[in-house]
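Reading the structure
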Amino acid sequence: MRTLFLSVGDASGDEHCAVLVRELKRCHPDWNIVALAGPRCEEAGAQILGSTQGLGVIGFASALAMVPRSWRLRNQMRQWMQSHKPDLAILCDWGGFNTRILPELKQNGIPTLYYFPPRSWQKEGDAGTSIAPLCDAIATPFEWSAEKLTRVGANVQWVGHPILEKISNLPERDALRAQFGFASDDVVVALLAGSRDMELKCIVPHLCGAISLLSKQNTSHRLRFVFATPPGGAAKIGRYIGSVRNLVEDPIEGRTLELLRAADVGLIKSGTSTLEAAALGLPQIVVYELPKLLHLQVALTGLRRKIPFVAMPNIILGREAVPELLGENCRAPRIAAQLTSLLESTEQKAKMKADYEVVRRALGSELPLSATEATADMIEHLVR
């Protein structure tokens, strides 16, 4: 029997690694995968050493609040490794934690594969390359990340992004629209405001304000506004939509990708969902707002000067392919005006969809294997 150790922190990483765990278990039912991970990996068959659910953070203050819990997880890992030496450690993203345990794994002679290396999305500079001498192999979703890591001597492979696998298994668009009860002439606006309380509190009121403004406009479009939430998230959204409850559909829980495929346009908070919308060809406007304390942190660190874009399609292309309404621009009048412009401009939508083709290629749409298959092959080679 082989034993693998897996460490993954945020929700999207947990989802990607769950697919990887299923593939490894399918090929090797006798392999034991012990993990610091979330519920998706547990459902896929990993033995959870410590739960990382809810450890995704935004900003210094929330990161500081997670320090005690992170230390407990690190101690759990250390205690387990005193009596177990895994055949391989698989680390996924979660750089604040995983880069700190890398030296320990190296010192204990445990081979390590890093899936989704930190800062792999960043094209410029050498951020994220310091892991190279500590890893036996690295599987990265972006080609430029592979090139940077290769230059510093890493054993790295560009495997592509697992988002492409997720969308390949979705039902057809017309079937989904019928399931959701959308008519052929409905213009469906998918609303993705995130799952964290902080994001909902900062973003949803501005989306609701835009909905209210749009409902008063004379338009040829029959607009239907639908919030997408994680499983169990409808109650959270419900706290903030009282003013427009009669103007929006019931929130759709746990079917975000399906809603993105069925929709005509999206108002989407910055994050992985912007990449999912691009991969699905959905015209979108990216929105984001922060509490005042985090605005101050961004100003003091000069983050906006260092990172000109926040939407992943724009980061990949190095230019604004999708509009970004951030901070003071994330306000109801601007959102309503931008959405109206996008709905009425055939040219803008066509340009956006053409840009999405470039994004899909950057995600590995032309690679011979999926991200999961290629990474599983690397793991098998390292284990054997």
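What counts, and at which threshold
Residues numbered from 1 in each chain as written. Predicted model: local features only at pLDDT ≥ 70, side-chain atom pairs only at ≥ 80, totals over all residues. Heavy atoms only, no water. Helix = DSSP H or I, 4+ residues; strand = E, 2+ residues; numbered from the N terminus. Rg over C-alpha atoms; globule rule 2.2 N^0.38 Å. Buried < 20%, exposed > 50% of the residue type's maximum accessible area, 1.4 Å probe, protein only. Contact = heavy atoms within 4.5 Å. Areas by Shrake-Rupley, 256 points an atom, 1.4 Å probe, with all protein chains shown as cover. Expected span 1.5 Å × (residues − 1). Axes fitted to C-alpha atoms, helices over the stretch in contact; angles between N-to-C directions. Parallel < 35°, antiparallel > 145°, perpendicular 65-115°, else oblique. Left-handed = near helix turned anticlockwise from the far one by under 90°. Nonpolar A, V, L, I, M, F, W, Y, C, P; charged D, E, K, R; others polar. Salt bridge = Lys/Arg side-chain N within 4 Å of Asp/Glu carboxyl O. Pairing = 2+ DSSP bridges. Core = buried A, V, L, I, M, F, W, Y, C linked by side-chain atoms within 4.5 Å. Arc of directions from axis to C-beta.

This paragraph deals with the overall build of the protein chain. When helices and strands are counted, the protein chain shows 18 helices and 13 strands. In terms of C-alpha radius of gyration, the protein chain reaches 21 Å, essentially the compact-globule figure of 21 Å for 384 residues. If you line up the protein chain on its principal axes, its C-alpha atoms span 70 × 45 × 40 Å. Across the 384 residues that make up the protein chain, the buried fraction comes to 51%. Sequence separation of at least 24 residues holds for 64% of the intrachain contacts in the protein chain that already meet a minimum separation of 6. For the protein chain, the exposed area adds up to about 17500 Å²; of that, 51% sits on carbon and sulfur atoms.

Moving on to the environment of valine 152. Residue placement: valine 152 occurs in the loop between α6 (143-151) and β7 (156-158). Under the relative-accessibility criterion, valine 152 is labelled partly exposed at 45%. Through-space distance from the C-alpha of valine 152 to that of isoleucine 131 is 9.8 Å; in sequence the pair is 21 residues apart. Those residues in contact with valine 152 that lie beyond four places of it in its chain are Thr129 and Ala132.

In this model, helix α1 (residues 11-27) (17 residues) spans 25 Å end to end at C-alpha, consistent with the 24 Å of a helix rising 1.5 Å per residue. For α1, the set of buried residues is Gly13, Asp14, His16, Cys17, Ala18, Leu20, Val21, Glu23 and Leu24. In this fold, the buried residues of α1 make contact with β1 (3-8), β2 (32-37), α2 (39-44), β4 (88-92), β5 (112-115) and α18 (371-383).

The next subject is the packing of helix α4 (residues 67-83) against helix α5 (residues 95-107). Contact pair α4 / α5: the axes reach a minimum separation of 12 Å and the direction vectors enclose 25°. Accordingly, the angle class assigned to the pair α4 and α5 is roughly parallel. The element α4 and its partner α5 pack so that their crossing is right-handed. Residues Ser70, Leu73, Arg74, Met77, Arg78 and Met81 of α4 form the contact with α5, whose own contacting residues are Phe97, Arg100, Ile101, Glu104 and Leu105. Partitioning the contact of α4 with α5 into residue classes produces six nonpolar, one polar and four charged.

On to the pattern of salt bridges. The final tally for this structure, using the stated rule, is 22 salt bridges. Where aspartate 186 meets arginine 222, a salt bridge forms, and the shortest distance between an N and an O atom there is 2.2 Å. Taken together, the residues span a long stretch of sequence, with aspartate 186 in strand β8 (residues 186-192) and arginine 222 in strand β9 (residues 222-229) at a distance of 36 residues. Connected through salt bridges with shared partners, the residues Glu15, Arg40, Lys166 and Glu276 form a single ionic network.

A separate point is the sheet that holds strand β12 (residues 284-288). One open sheet holds the six strands; their spatial order is β10-β9-β8-β11-β12-β13, and the pairing between them is parallel. Strands with a single pairing partner mark the edges of an open sheet, and in this sheet they are β10 (252-253) and β13 (324-326).

Moving on to the sheet that holds β7. Paired through backbone hydrogen bonds, the strands of a sheet run either parallel or antiparallel to each other. Reading across from one edge, β3-β2-β1-β4-β5-β6-β7 is the order of the seven strands in this open sheet, with parallel pairing throughout. Because the sheet does not close on itself, it has two edges, and the strands there are β3 (47-51) and β7. The mean angle between the axes of side-by-side strands here comes to 15°, regardless of whether they run parallel or antiparallel. Contacts from α4 reach β1, β2 and β3 within the one sheet, and its direction differs from that of β3 by about 145°.

The next subject is the nonpolar core. With 75 residues, the main nonpolar core has Ile316 and Leu339 as its most contacted residues. The biggest single contributor to this core is helix α9 (residues 197-215), with nine residues. Among residues more than four places away in sequence, those in contact with leucine 339 are Val189, Leu214, Phe225, Val265, Leu267 and Ile285. Ranked by size, the runner-up nonpolar core spans 30 residues in total, among them Leu4, Ala44, Leu88 and Cys92.

Given 3.6 residues to a turn, an α-helix orients residues that are three or four positions apart in the same direction. Among all positions in helix α8 (residues 173-180), only Leu176, Arg177 and Phe180 are buried. Seen along its axis, α8 keeps its buried residues to an arc of 100°; they face one direction. Opposite the buried face of α8, by more than 90 degrees, sit the exposed residues Asp174, Ala178 and Gln179. The secondary structure elements touched by the buried residues of α8 are β8, β10 and α11 (256-262). Glycine 181 sits one or two residues past α8 and shows a positive phi near 85°.

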